[in-house]
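Single-letter residue listing:
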Amino acid sequence: QMQLVESGGGLVQPGGSLRLSCATSGSIYRINPMGWFRQAPGKQRELVALVTNGGNTQYLESVLGRFTISRDNAGNTVHLQMNSLKPEDTAVYFCNAVWGDFQHHYEPDYWGQGTQVTVSS
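One structure accompanies this document, and this report is about it. Every chain begins its residue count from 1, and numbering advances along the sequence as written. A pLDDT threshold of at least 70 governs which residues receive local features in this predicted model, and a stricter bar of 80 or more applies before side-chain atom pairs are shown or counted, although totals over entire chains, interfaces and linings include all residues. Heavy atoms from the whole structure form the basis of all side-chain values; hydrogens and water molecules are not counted.

A word on the sheet that holds strand β3 (residues 18-25)
Thought 1: One requirement defines pairing of two strands: DSSP has to find at least two bridges between them. Put simply, DSSP H or I for four residues or longer makes a helix, DSSP E for two residues or longer makes a strand, and each gets a number counted from the N terminus. Spatially, β1-β3-β8-β7 is the arrangement adopted by the 4 strands of the open sheet, whose pairing is antiparallel. In the strand order of this sheet, the two ends are held by β1 (3-7) and β7 (67-71), each with one partner. Going across the sheet, the axis of each strand differs from the next one's by a mean of 15°, ignoring polarity.
Thought 2: Of the pairings in the sheet, the one linking β1 to β3 comprises 5 bridges and is antiparallel in character. Between the N-to-C directions of two axes lies an angle of 0 to 180 degrees, each axis being a line fitted to C-alpha atoms and, for a helix, fitted only over the stretch in contact.

The following block contains the structure:
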């Protein structure tokens, strides 16, 4: 049974840090690349970071150098370390498998509840 549970969001001042975690259940999350997505109010969901089973990573240009994605060896947990946060990072963050590549992927049908990240002074 597929399950995604995101946690770790909150309110943080600009320049602050947060570490998001995603607990997964289901084989598709162990064998596929995993990503962190975000959706800001009034905007489409976008892929922010991706990690393959081999540990290769890709990032949205606007977060490069500030965010780090990782996954545990068993593939059951995915993290997103976010540093130097900016107000424009404010969004609901979701994790999910990435079907396709960073630029071209399709939206899975099932999503977890996400975790709210708010960057504000």
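So, the state of the cysteines
Thought 1: Sulfur atoms of two cysteines make up a disulfide when they are within 2.5 Å. Counted under the stated rule, the structure contains 1 disulfide.
Thought 2: One disulfide bridge connects C22 with C95, the sulfur atoms lying 1.7 Å from each other. In this structure the cystine formed by C22 and C95 twists about its S-S bond by roughly 40°; its chirality is therefore right-handed. Of this pair, C22 sits in strand β3 while C95 sits in strand β9 (residues 91-97), placing them 73 residues apart in sequence. Exposure class is identical for C22 and C95. Each is buried. Each residue's exposure class comes from its accessible area (1.4 Å probe, protein chains only) as a fraction of the maximum for that residue type: buried when under 20%, exposed when over 50%, partly exposed otherwise.

Section: the pairing of strand β4 (residues 34-39)
Thought 1: The buried fraction of β4 is high, at 5 of 6 residues.
Thought 2: Looking at chain direction, β4 and strand β5 (residues 46-51) are connected through 5 bridges and run antiparallel. Considered in β5, the bridge of G35 is made with L50.
Thought 3: Hairpin remark: β4 followed by β5, antiparallel, with 6 residues in the connecting loop; positive phi at G42, about 75°.
Thought 4: Examined bridge by bridge, β4 and β9 share 6 bridges and lie antiparallel to one another.

Regarding the sheet that holds β5
Thought 1: The sheet built from 6 strands is open, its strands ordered β2-β12-β9-β4-β5-β6 with mixed pairing. The open sheet has two edge strands, β2 (10-12) and β6 (57-59), and neither has a second partner. Taking each pair of neighbouring strands and ignoring which way they run, the sheet shows an average axis angle of 25°.
Thought 2: Bridge count between β5 and β6: 3 bridges; the pairing is antiparallel. What sits directly across from A49, in β6, is Y59.

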